[in-house]
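# Results of the structural survey
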Amino acid sequence: DAKTTQPPSMDCAEGRAANLPCNHSTISGNEYVYWYRQIHSQGPQYIIHGLKNNETNEMASLIITEDRKSSTLILPHATLRDTAVYYCIVRAGGGADGLTFGKGTHLIIQP
Amino acid sequence: GAVVSQHPSWVICKSGTSVKIECRSLDFQATTMFWYRQFPKQSLMLMATSNEGSKATYEQGVEKDKFLINHASLTLSTLTVTSAHPEDSSFYICSALGRGEKLFFGSGTQLSVL
């Protein structure tokens, strides 16, 4: 079973910031939070991951709460091409396990 | 970034035939690769973990004799769907474990069994 909870769908206006929440209240101390997205009929694309500090890269920012029980993925200036299913996944560091995907959030960017 | 190439992108076959899907890590070596299956409007389901030079580990409910996995080199894993039937029609996706503990995914293979 997936260890995360995400809203099934969200809308966001083009050009605005998209904030995608994720709850992972049972996360363990050695588990990272990963975000991937899947555009229709394609393989998942890595976005960002973090352990406890906030992270930022060219695609997005990841904000993790101090208790690590939830996080938010931020797409600062959403475009129509950001329409996809976004998956929040927790995974132990240092391991060689595959990712367990939940149902994700279907983000729809509106023109 | 790391690239995983999956081939073919789509395949149509007759019931009872076998289909081979290839997954290659193009610019890194992957001792571990994973195979997923995705039905329409559903999430990805892990089928098996493939380790170079050893037998694959299958998830519960996945028939190892039906879904043959070979990971003969550090850059290539193959999935063969044997004696395919219409219920095997699905989107198959491979991924490879790269540097920084990130998983990189192929573009997927849409299998349609007639």
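Our subject in this report is the structure included herewith. (Residues numbered from 1 in each chain as written. Chains lettered and ligands numbered in written order. Predicted model: local features only at pLDDT ≥ 70, side-chain atom pairs only at ≥ 80, totals over all residues. Heavy atoms only, no water.)

## Here's the deal with the overall build of chain B
Applied cut-off: Per the convention used, a helix needs a DSSP run of H or I reaching at least four residues, while a strand needs a run of E reaching at least two, with both numbered from the N terminus. C-alpha atoms define the radius of gyration, and 2.2 Å times the number of residues to the power 0.38 defines the globule rule. Partly exposed describes any residue whose relative accessible area lies between the buried limit of under 20% and the exposed limit of over 50%, with all areas from a 1.4 Å probe on protein chains only and scaled to the type maximum. Throughout, a residue-residue contact means that at least one pair of heavy atoms, one from each residue, lies within 4.5 Å. Areas reported as accessible are Shrake-Rupley estimates using a 1.4 Å probe. Residue values count occlusion only from the protein chains shown. Think of it this way: Lys and Arg go in the positive column, Asp and Glu in the negative one, and His and the chain ends go nowhere. Here the site of a charge means atom NZ of a Lys, CZ of an Arg, CG of an Asp or CD of a Glu.
Secondary structure assignment for chain B yields zero helices and 11 strands. Radius of gyration (C-alpha) of chain B: 13 Å, near the 13 Å computed for a compact globule of 114 residues. In terms of its C-alpha atoms, chain B occupies a principal-axis envelope of roughly 40 × 25 × 20 Å. Across the 114 residues in chain B, those meeting the buried criterion constitute 49%. If you take every contact in chain B between residues at least 6 apart in sequence, the share linking residues at least 24 apart comes to 53%. Surface summary for chain B: the accessible area is close to 5,700 Å², and the carbon and sulfur share equals 52%. Across chain B, the 10 positively charged side chains and the 9 negatively charged ones have centroids separated by 4 Å.

## Remarks on the packing of aromatic side chains
The test is simple: Here the aromatic set is Phe, Tyr and Trp, taking the six-membered ring for Trp, and pairing holds for ring centres within 6.5 Å; pairs whose planes are under 30 degrees apart are stacked, those over 60 apart are edge-to-face, and all others are tilted.
What the rule picks out here adds up to 10 aromatic pairs over all chains. Judged by centre distance (5.7 Å) and plane angle (75 degrees), the rings of A:Y36 and A:Y46 are edge-to-face. Of this pair, A:Y36 sits in strand β3 (residues 31–38) while A:Y46 sits in strand β4 (residues 45–50), placing them 10 residues apart in sequence. On the accessibility criterion, A:Y36 (0% relative accessible area) is buried. A:Y46 gets classed as buried once you look at its relative accessible area, which sits at 16%. An angle of 80 degrees between the planes, with centres 5.5 Å apart, marks the rings of A:Y36 and B:F105 as edge-to-face. Taken together, the positions of A:Y36 in strand β3 and B:F105 in strand β10 (residues 103–105) put the pair across two chains. Take A:Y36 and B:F105: they sit in the same class, and that class is buried. Pairwise contacts between aromatic rings join A:Y36, A:Y46, A:Y87, A:F101, B:Y36 and B:F105 into one cluster.

## Here's the deal with the sheet that holds strand β7 (residues 70–75) of chain A
Residue and element names in this part refer to chain A. Spelled out, the test is: Paired strands, as defined in this entry, are two strands with at least two bridges between them according to DSSP.
In spatial order, the strands read β2-β7-β6-β5; together these four strands make up an open sheet with antiparallel pairing. Of all the strands in the sheet, the pair left with one neighbour each is β2 (18–23) and β5 (55–56). As defined by bridge partners, β5 adjoins strand β6 (residues 61–64) across two bridges and the pair is classed as antiparallel. Considered in β6, the bridge of E55 is made with L62.

## Re the sheet that holds β4(A)
Residues and elements named next belong to chain A. To keep things clear, this is the line we draw: Each axis is a line fitted through C-alpha atoms, taken for helices only over the stretch in contact, and angles between the N-to-C directions span 0 to 180 degrees.
The mixed open sheet is built from five strands, whose spatial order is β1-β9-β8-β3-β4. In the strand order of this sheet, the two ends are held by β1 (9–13) and β4, each with one partner. Pairwise comparison of adjacent strand axes, ignoring direction, gives a mean angle of 25 degrees for this sheet.

## Examining the environment of B:Y58
Residue and element names in this part refer to chain B. Stated formally: Polar contacts here mean pairs of N or O atoms no more than 3.5 Å apart (in protein, one a potential hydrogen donor and the other a potential acceptor; neighbouring residues in sequence count only if both atoms are side-chain atoms).
Turning to its location among the elements, Y58 is positioned in strand β6 (residues 57–58). Its relative accessible area of 22% is what places Y58 among the partly exposed residues. Note: C-alpha distance between Y58 and W35 (23 residues apart in sequence) is 9.5 Å. In contact with Y58, other than residues within four places in its own chain, are M47, A48, K64, F67, L68 and I69. Here F67 takes part through its backbone oxygen, which lies 2.6 Å from a polar atom of the side chain of Y58. Within the structure, the side chain of Y58 is placed 3.3 Å from the backbone nitrogen of I69, a separation counted as a polar contact.

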